[in-house]
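Each chain, letter by letter, is given below.
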Amino acid sequence: MLHALLIKGTFQDSVTLMLLSRDLSALPGVKSVAVMMGTPANKDVYRETGHWHDTLAAATPNDLCLVVDSDSGDPAIAESMAKQVKARLAELARGRRNAGYPVVRSWRRARQLLPDANIALISIAGHYAFAPARQALEDGCHVMMFSDNVSLEQELELKTVAAMRGLLVMGPDCGTAIINGAPLAFSNRMPPGPIAIVGASGTGIQELASQIALRGGGVSHALGLGGRDLSEHIGGMSAITALGLVANDAASRVIVFVSKPPAPAVKARVLEAMQAIGKPVVALFLGERPTRCDIGNVHLVRTLDAAAALALELANMDTLAGELPSVARQGICGLYTGGTLAAEAALLLAEALDLASDAAHADGYMLRAAGHRIIDLGDDAYTRSRPHPMIDSSSRNEMIRRLSDDTAIGVLLLDVVLGYGAQPDPAGEVARAVTALRAARGDQSPIVAIATLTGTAGDPQDRDSQAGKLKEAGIVVADSVRTAVLLATRVIAAKAPAVGAPPALLCAKPAIVNVGLRSFADDLHANGVQVVHQQWEPAAGGNERLQRLIAQMQ
Amino acid sequence: MYETLNQANAAVIAEIKRARPRLLDVKPAKECIPALNEGYALLHAGPPIAWPDMTGPMQGAVLGACMFEGWAADAAAAESLAASGKVRFLPCHDHSAVGPMGGITSAHMPVLVVRNAEQGNYAYCNLNEGIGKVMRFGAFEGEVQTRLAWMRDVLGPTLSAALARIPDGIDLTALMAQAITMGDEFHQRNIAASALLLKALAADIAGSDAGVEAQQEVLRFLGRTDQFFLNIAMAYGKCVMDTAAKVGDGSIVTAMTRNGRDFGIRVSGLGARWFTAPVNMPVGLFFTGYSQDDANPDIGDSAITECLGIGGAAMIAAPGVTRFVGAGGFSEALEISEEMREIYLDANPMFLIPTWDYQGACLGLDVRRVVETGITPVINTGIAHRKAGIGQVGAGTVRPPLGCFEQALEALAAARGLQA
């Protein structure tokens, strides 16, 4: 039998009430207890779940509705549950004293106490979330909206206002963000690192971050967008803003982007924004099979773990690239003794730089375009009446030597094939040739040499000692052709486009006004983040007439 | 009318900050308040109320005043006079006056004379009787009458004589600024201010032409009456808030008071209009032998202190009494004062509170903020027994009904021609 009563004028957030409902339902003498605010949506829930009681008809959104299902026909059970509700809410309020951070009731007061606040973290019921978000934006604060059930029109309005003011709106329905180690809402404690995450989904961001940490990496920031940002309607407004922020952030050297496949027009816009960034970007449009994986600095992957792995590799590569001489805008020359290695290098380079591979393969040219060339020295053109270059390196040495005059070439890609049948010291041969080439070109005309090693530690030549010889000669040893090509394209990339001013949002630990769920403020405070908690209630007790009057009375 | 309410409120706040009330004299009420000279007239606390609607403490005080003035020989005669309709009951607030609890003030009772040195207006309040069986809580016979007579014949004249020796009287702002750093919030706790007052007056009491016996009695009375300064703080509040009301615009509350039945507020932009709603029941701690069931509903003009931004709003200044008023420990007091910051517009540069990191006390209670946030001011209060004649049974806190503020907001909107 259902019993119900209203506790008038007692606003509580839904999470608190859910916990309360759960605890009270476990008490003896009741089958279930459902405590919710009397919003129209919640009243529907009561109806749909068979908990409707006519007492609820009079409830306003500021009245706490209590419905008790019990075998007992005595309505006093509702009274006794109401007593429990009040006592537990009072206990909760007491337990929250001495939080270590200020607790206020209005945005105005929050800003008085935290004038440097730059983010509003909003987690109140979606029906109410728009107004405080809008107020925060008008007050110059970025917004993270954990709240869901915000209308598309409201989302668009918030993001339009934000765009005009150079502010970021993460969400609605944004579960996760990390800014300079400050955990916003559902997030992980991450080691700092060079990888910035921009993501439309909370768990996507969390799993990426976790995969990065598992591999020993760390993140600079993680920015959320909300699930609808990349829809046709919103047009990726927050995505574009977020990409712009991390682009200008010195601590973010590699960017990982994760979302469901965006609307086609939006995808084009987002990819364009990614390409305009002078930093490597790993993009995962989950659910899409990329037909082209590398588009200049943008690398498309299919899974979260692949995204994390590649991001780490690109971060390491970025560090390495920083130590190499400047060869921006110069050509890449690949001199391969192995045909398949040449073919893979040509294929990947063509894809990354959007070039046509050489279909005819004349004279072993696997690619010859835009000043770049990849040559298979095992081609018939080079082995006619001469031993294969894996046995005799003289033909490749000669071609390396000829690069001394070819100063348009800035990167030399090489392979070193070990094993039975191969010559006894191929790395030594390459090292000597490259050293001679460098000497001939002089310091004015540096060349970056990148070699792959095919072979194992058990081979007669010993992979490790061969690698050592290459490194000693200043040759970068790449673990794979793919890595070699990624590095090559990275070092010839034009210098990063002029970056804007460093974004204030990402330069320091944020200062946050937390509007809604109290535990978010606790977590921020525990992480040394300045936070003020705004205990939110609808203005004027939800009386819209009074709200309208007050709005005019300033 | 100012262009915006914010501008109007800025002007009101400027007036509040400018006010410098001084304690000049103690005189019979009839010399200060003309209305008390005509027939049977009594001042009472709160918005207007008729005899049958008064609660016990106020009715008891009315009987006491009728007997004190010699209008009735005993309680029964006093009651029939009060019920006869011959006595005019006038709100203190309409006569530049305030009175604690019942607020009953009659022609021959001495009143404190406070004058604002800047804006020139006066405010009056009767004298604190001390604790125990006292008229303000509705006791009216025996020792109550004896004390009232002594206050009329000895205390009043002696204080008057002493004050006459002090040029321009006592600067109350300076005295209160000192007392708030000593742990007074001026509603529940006035022990520091009372001691400072005694310190300021002692030599001139001794130097007055009152007899030695009178001097000793007065000094002893002041020495043991910890809440003596409450009535002065109330007159101070009334003096300041009347200058705020004179601006004639804005949304700042200029009076908060209770008559035991209704809570009434006045607002700077709405003149002498009362906005009333039924009072709440104070909650707090009770003297042994009494309980919440004995409590009279909220009563008295003393909420003028909270109107100014001291009292409950300055709870954090007085850690010594927070537990007594049922407000818990220090952190709870801090929470209360922090909450009050939401509804007051400014901070009082005169009253800096050390325990609040030297922030100024609250100032400028705004109707808009109260309605918007749903936060009503916390009022520290004594609790009277609901029956006449028993007196104080406890102390605690109470909040005004939100309805007064909502009505005032509607009226302000109407005055400005705003449509919802």
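Residues numbered from 1 in each chain as written. Chains lettered and ligands numbered in written order. Predicted model: local features only at pLDDT ≥ 70, side-chain atom pairs only at ≥ 80, totals over all residues. Heavy atoms only, no water.

Enquirer: Sorry, what's going on with the domain arrangement of chain A here?
Expert: Accessible area lost on assembly of the parts is the figure often given for the size of an interface. Examined at the domain level, chain A breaks down into domain 1 (2–95), domain 2 (174–321) and domain 3 (329–492). For domain 1 of chain A and domain 2 of chain A, the distance between their C-alpha centroids amounts to 43 Å. (Domains from an automatic or database assignment.)

Enquirer: Please clarify how the sheet that holds strand β12 (residues 299–300) of chain B should be interpreted in this entry.
Expert: Within a sheet, neighbouring strands are paired by backbone hydrogen bonds and run either parallel or antiparallel to one another. Residues and elements named next belong to chain B. With antiparallel pairing, the four strands of this open sheet are ordered in space as β10-β9-β8-β12. Either end of the sheet is taken by a strand with one partner, and the two such strands are β10 (275–278) and β12. Note that strand β8 (residues 253–259) and β12 share two bridges and pair antiparallel. Considered in β12, the bridge of R258 is made with G300. The sheet strands contacting helix α14 (residues 402–415) are β8, β9 (262–267) and β10, and the helix crosses β10 at an angle near 155 degrees. (Pairing = 2+ DSSP bridges. Helix = DSSP H or I, 4+ residues; strand = E, 2+ residues; numbered from the N terminus. Contact = heavy atoms within 4.5 Å. Axes fitted to C-alpha atoms, helices over the stretch in contact; angles between N-to-C directions.)

Enquirer: Whenever I open this one, the packing of aromatic side chains confuses me. Can you help?
Expert: In this description, an aromatic ring pair is defined by two values, namely the gap between the centres and the angle between the planes. Residue and element names in this part refer to chain B. In the structure shown here, the tally under the stated rule is 13 aromatic pairs over all chains. Here Y236 and F351 contribute two aromatic rings whose centre-to-centre distance is 6.1 Å and whose plane-to-plane angle is 40 degrees, an arrangement assigned as tilted. You can see Y236 sitting in helix α9 (residues 228–246) and its partner F351 sitting in strand β13 (residues 344–353), a full 115 residues away along the chain. With relative accessibility at 4%, the residue Y236 sits in the buried group. In this structure, R266 is placed above the aromatic ring of W274, and the distance from its NZ or CZ to the ring centre is 4.0 Å. (Phe/Tyr/Trp six-rings, centres within 6.5 Å; stacked < 30°, edge-to-face > 60°. Buried < 20%, exposed > 50% of the residue type's maximum accessible area, 1.4 Å probe, protein only. Lys NZ or Arg CZ within 6 Å of the ring centre and 35° of its normal.)

Enquirer: What is the right way to read the pattern of salt bridges from this model?
Expert: Side-chain pairing between opposite charges can occur once the charged atoms of the two side chains come close. Enumeration according to the criterion identifies 42 salt bridges over all chains in this entry. When the shortest N-O distance is used, the salt bridge between R22 of chain A and D23 of chain A registers 3.3 Å. Classification of R22 of chain A as exposed rests on a relative accessible area of 55%. For D23 of chain A, a relative accessible area of 32% corresponds to the partly exposed category. Between D242 of chain B and K238 of chain B there is a salt bridge, and its shortest N-O distance comes to 3.1 Å. Of the two residues, D242 of chain B and K238 of chain B both sit in helix α9, four residues apart, roughly one turn of that helix. (Salt bridge = Lys/Arg side-chain N within 4 Å of Asp/Glu carboxyl O.)

Enquirer: Quick question: what am I supposed to make of the sheet that holds strand β12 (residues 254–259) of chain A here?
Expert: Residues and elements named next belong to chain A. The strand order across the open sheet formed by eight strands is β9-β8-β11-β10-β12-β13-β15-β14, and the pairing between neighbours is mixed. Unpaired on one side and paired on the other, β9 (182–185) and β14 (294–295) mark the two borders of the sheet. Its contacts with the sheet put helix α7 (residues 202–214) on β8 (176–179), β10 (192–199), β11 (219–224) and β12, and the angle it makes with β10 is roughly 155 degrees.

Enquirer: Looking at this model, I keep getting lost on the packing of helix α14 (residues 426–441) of chain A against helix α15 (residues 463–472) of chain A. Mind explaining?
Expert: Packed helices, taken two at a time, are described by their axes: the angle between them and the distance between them. Residues and elements named next belong to chain A. It is at 9 Å that the axes of α14 and α15 come closest, and there the two elements cross at 0 degrees. Put simply, α14 runs roughly parallel to α15. On α15, the residues touching P426, A427, G428, V430 and A431 of α14 are Q466, K469 and L470. By residue class, the composition of the contact of α14 with α15 is five nonpolar, two polar and one charged. (Parallel < 35°, antiparallel > 145°, perpendicular 65-115°, else oblique. Nonpolar A, V, L, I, M, F, W, Y, C, P; charged D, E, K, R; others polar.)

Enquirer: Sorry if this is basic, but what is going on with the nonpolar core here?
Expert: One broad trend across soluble globular proteins is that nonpolar side chains are buried collectively. Ranked by size, the top nonpolar core spans 102 residues in total, and within it L159, L201, F229, I265 and F405 of chain B carry the most contacts. When residues are assigned to domains, this core turns out to be shared by domain 1 (22–231) and domain 2 (245–415) of chain B, each giving three or more. Not counting the four nearest positions on each side in its chain, L201 of chain B is found in contact with L159, A162, L163, I166, I170 and L222 of chain B. Counting residues in hydrophobic clusters, the runner-up holds 56 residues, among them I197, I212, M317 and L341 of chain A. (Core = buried A, V, L, I, M, F, W, Y, C linked by side-chain atoms within 4.5 Å.)

Enquirer: Explain the interface of chain A and chain B to me, please; I cannot follow it from the model alone.
Expert: Taken together, the 19 residues of chain A in the interface contact 25 residues of chain B. Joining chain A to chain B, the criterion identifies four salt bridges. Here E339 of chain B and R105 of chain A are joined by a salt bridge, their closest N and O atoms 2.6 Å apart. Summed over the shared surface of chain A and chain B, the number is 10 residue pairs in polar contact (both at pLDDT 80 or more). Listing elements by their share of the side of chain A that touches chain B, those giving two or more residues are α4 (107–113) and α19 (544–552) of chain A. Per element, the largest residue contribution to the side of chain A that touches chain B is six residues, and it comes from α19 of chain A. Looking at the side of chain A that touches chain B residue by residue, the classes come out as nine nonpolar, four polar and six charged. (Polar contact = N/O pair within 3.5 Å; in protein donor to acceptor, adjacent residues only side chain to side chain.)

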